[in-house]
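Analysis of the macromolecular model
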Amino acid sequence: MTNSFPNPIRVMLVDDHAMVRRGLATILKIFDDFELAGEAENGLAAVQLCDKTVPDVVLMDMVMPEMDGASATRIICEKYPQVQVIALSSFKEGDLVKNALEAGAIGFLMKDVSADELARAIRAAHAGRATLSPAAAQALVDTANQPPTPGLDLTEREREVLALMVEGLNNTQIAGKLTVSPSTIKSHVSNVLSKLGVASRTEAVTLALRNRIVS
């Protein structure tokens, strides 16, 4: 069907579910200013199709086989800065939203978005404006407000010491294992407790196991 709009926005659909792509394609047909530029069933196929079609806007599913949406988004945005990517997902985890935006997506929408909301987001993306669904925005805020994962600031040596503490070794045994003095180990243990915000070796070991700080 020939589009009556003089310069339609060319939209590429990327989703591993054919029914989802069909639904999105049906929505695009409702509006005169959109044109379907192509469909891909995973991130790898999306990158290859983008090379051929160079659409204006890509509607990108985030969780797919072969190559996920964030990886495909990053490649497309690096190769074609003029192409705008809108992430579409059924999941609203903060990390998923964060990864999509860090990869270069200009928007993040939930898959239950209405036709009008989707159309507005596509037009906004084409104009260089971001759109974030309320659920995605809330997920980002929740993620930002979470306390940092304990143990991220431990040095490599402190991690070694903590791993041996988890095994049940005392300072003298750890010192023998790492061939350093017990006083050095005492200092390391003190640093570990301080950085983990705990008062005892038992608490440190419990926290390390619960958060998988050491493997």
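What this report covers is the structure whose coordinates are included nearby. (Residues numbered from 1 in each chain as written. Predicted model: local features only at pLDDT ≥ 70, side-chain atom pairs only at ≥ 80, totals over all residues. Heavy atoms only, no water.)

Read from one edge of the open sheet, six strands run 2-1-3-4-5-6, paired in parallel fashion. The open sheet terminates on both sides in strands that have one partner only, identified here as strand 2 (34-40) and strand 6 (131-132). Taken together, the four bridges between strand 1 (residues 9-14) and strand 3 (residues 57-61) define a ladder with parallel strand orientation. Of the residues in strand 3, the one forming a bridge with L13 is L59. On top of the sheet, helix 3 (residues 69-79) reaches strand 3 and strand 4 (84-89); it is set at about 160 degrees to strand 3, its chief contact. (Pairing = 2+ DSSP bridges. Helix = DSSP H or I, 4+ residues; strand = E, 2+ residues; numbered from the N terminus. Contact = heavy atoms within 4.5 Å. Axes fitted to C-alpha atoms, helices over the stretch in contact; angles between N-to-C directions.)

Quick look at the nonpolar core now. Within the largest apolar cluster, 28 residues are counted, with the highest numbers of intra-cluster contacts made by M12, V14, V58, M60, M62, I76 and F108. Of all the elements in the fold, those that place two or more residues in this core are strand 1, helix 2 (43-53), strand 3, helix 3, strand 4, helix 4 (94-103), strand 5 (107-110) and helix 6 (134-145). Residue contributions to this core peak at five residues, all from helix 2. Every residue in contact with V14, bar those within four places of it in the chain, is listed here: A40, N42, A46, V58, L59, M60, D61 and M64. (Core = buried A, V, L, I, M, F, W, Y, C linked by side-chain atoms within 4.5 Å. Buried < 20%, exposed > 50% of the residue type's maximum accessible area, 1.4 Å probe, protein only.)

This model, assessed by the stated rule, comprises nine salt bridges. Across the pair K111 and D15 runs a salt bridge, and its minimum N-O distance is 2.8 Å. Placement of K111 in the loop between strand 5 and helix 5 (115-126) and of D15 in the loop between strand 1 and helix 1 (18-30) is noted, with a sequence separation of 96 residues between them. On the basis of relative accessible area, D15 is assigned to the buried category, the value being 2%. For E39, the salt bridge is made with R21, and the minimal N-O distance between the two is 3.0 Å. In this pair, E39 sits in strand 2 while R21 sits in helix 1, placing the two residues 18 residues apart along the sequence. Using a relative accessible area of 38% as the deciding quantity, one classes E39 as partly exposed. Linked through salt bridges whose partners overlap, the residues forming this network are D15, D61 and K111. (Salt bridge = Lys/Arg side-chain N within 4 Å of Asp/Glu carboxyl O.)

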